[in-house]
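# Architecture at a glance
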Amino acid sequence: MSQFDRAASAEPDVESDDEAAPAARTESELLPAEVFSILGNDTRVDILRGLLELDADERPVSFTDLFEQVDVEDSANFSYHLRQLTGHFIKQSDAGYEFRYPGRKVVSSIFTGTLTERTQLGFFPVDGACYDCEGDLHGWYVDDTLTIGCTDCGAVQVSYPFPSGGLDDRTTDDLLEAFHHYVRHHYCLAADGVCPECTGAIETSLVRDPDEEDLDVAVEHVCQRCQYRLQSTVGVTLLDHAETLVFHANRGVDLNTEPFWNFDWCVSDHRTTVVSEDPLRVEVAIPCSGDELEVRIDDSVSVVETAVHE
């Protein structure tokens with residue numbers, strides 16, 4: 001099951017009620033072509049790297065320290081390139097220069113390999129069993145995406161983009177732990193109405209017969225700002241649900257640390273039942289230690305009823 005879809009064709013709904021729509025607070029905006037033009041220069045990239053190496057996240061960096069850090073002989077040339085970055089990517093104060101969020105984001109993308117590296121990692125064993133056939137699981141990393149699937153029946157437990165820098169200096173066990181937290185964090189953010197990509201407002205809904213062939217019903221999150229789209233099983237949206245967390249904790253299972261692909265209710269809809277078509281409502285049956293938690297969810301993906309069967 002693929003659990004990620006960033007479709008640029010999604011059209012955000014426009015709120016017609018002026019009172020309900022928050023006022024835009026954007027001070028200025030650069031066109032994409034301007035952004036690439038500004039960053040398409042080695043000296044400017046070196047300046048961003050220099051700020052990172054001089055711990056500009058912790059304290060402002062003086063002009064002199066930054067100039068000495070960057071391999072440029074002409075101070076006038078350096079000043080020109082620094083001015084091109086200042087305002088949108090870097091902020092200047094009497095104390096010196098610091099990152100603005102877009103500048104820090106660019107540095108993270110470049111120097112963690114998101115924009116500059118292509119990495120592949122062949123098959124490696126993963127603890128757990130396939131939700132469909134109980135076969136062995138393996139992981140692999142291709143095209144910036146980490147996938148965990150069954151080598152016996154071919155069922156995919158999870159497939160999600162993961163920055164290639166996350167593979168550096170990690171064993172496969174460490175990689176899987178980082179991947180679990182990374183993906184779980186994205187799903188929990190989306191479920192809370194926050195876009196994992198741009199922090200814009202997310203609209204969430206149940207989708208009947210989604211594009212994902214393995215699912216009869218899915219949850220779709222769509223950002224109203226950048227059109228980021230995240231589609232998943234119903235169960236995975238319950239990873240941060242209080243009663244689901246407590247139900248497992250009382251039975252010795254920590255959903256914060258236990259890999260979510262080990263739970264069939266998270267990676268398939270085998271335990272998800274449509275109980276109403278109009279309005280659309282579903283029920284997820286979550287087993288743990290011989291007991292079962294039933295969670296009923298409405299078409300806005302809000303929990304409306306729960307019951308524990310011991």
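Here the residue numbers are simple positions, counted from 1 along each chain's written sequence. Whole-chain, interface and lining totals are the exception, using all residues; otherwise, since this is a predicted model, local features are given only for residues with pLDDT of at least 70 and side-chain atom pairs are given and counted only at 80 or more. Hydrogens and water molecules were not included; the side-chain quantities draw on all heavy atoms of the structure.

## Here's the deal with the sheet that holds strand β8 (residues 217-223)
To keep it simple, the criterion reads: We treat two strands as partners when DSSP finds at least two bridges between them. Secondary structure elements are taken from DSSP: a helix is a run of H or I of four residues or more, a strand is a run of E of two residues or more, and numbering for both begins at the N terminus. Each axis is a line fitted through C-alpha atoms, taken for helices only over the stretch in contact, and angles between the N-to-C directions span 0 to 180 degrees. Contact definition: two residues touch when any of their heavy atoms are within 4.5 Å.
One open sheet accounts for 3 strands, arranged β7-β8-β9; its pairing is antiparallel. Two strands lie at the open edges of the sheet, namely β7 (202-208) and β9 (229-232), each paired on one side alone. Sheet twist, expressed as the mean angle between neighbouring strand axes with direction ignored, is 20 degrees. Relative to β8, β7 runs antiparallel, the two being bridged by 7 bridges. Residue pairing for β8: Glu203 is matched across the bridge by Val222. Against the sheet, helix α6 (residues 172-191) contacts β7, β8 and β9, and its axis sits at roughly 105 degrees relative to β9.

## Observations regarding unusual backbone geometry
How we decide: Burial classes: relative accessible area under 20% of the type maximum marks a residue as buried, over 50% as exposed, and values in between as partly exposed (1.4 Å probe, protein chains only).
Residue Pro279 is reached from Asp278 by a cis peptide bond, and omega for that bond is 5 degrees. Secondary-structure assignment places Pro279 in the loop between β10 (272-277) and β11 (280-288). Notably, Glu134 is not glycine yet its phi reads approximately 70 degrees, a positive angle. A residue is classified by how much of its surface remains accessible, and Glu134, at 60% relative accessible area, is exposed. Despite not being glycine, Asp169 shows a phi value in the positive range, around 55 degrees. Relative to the helices and strands, Asp169 is located in the loop between β6 (156-161) and α6.

Coordinates in, geometry out; function isn't part of it.
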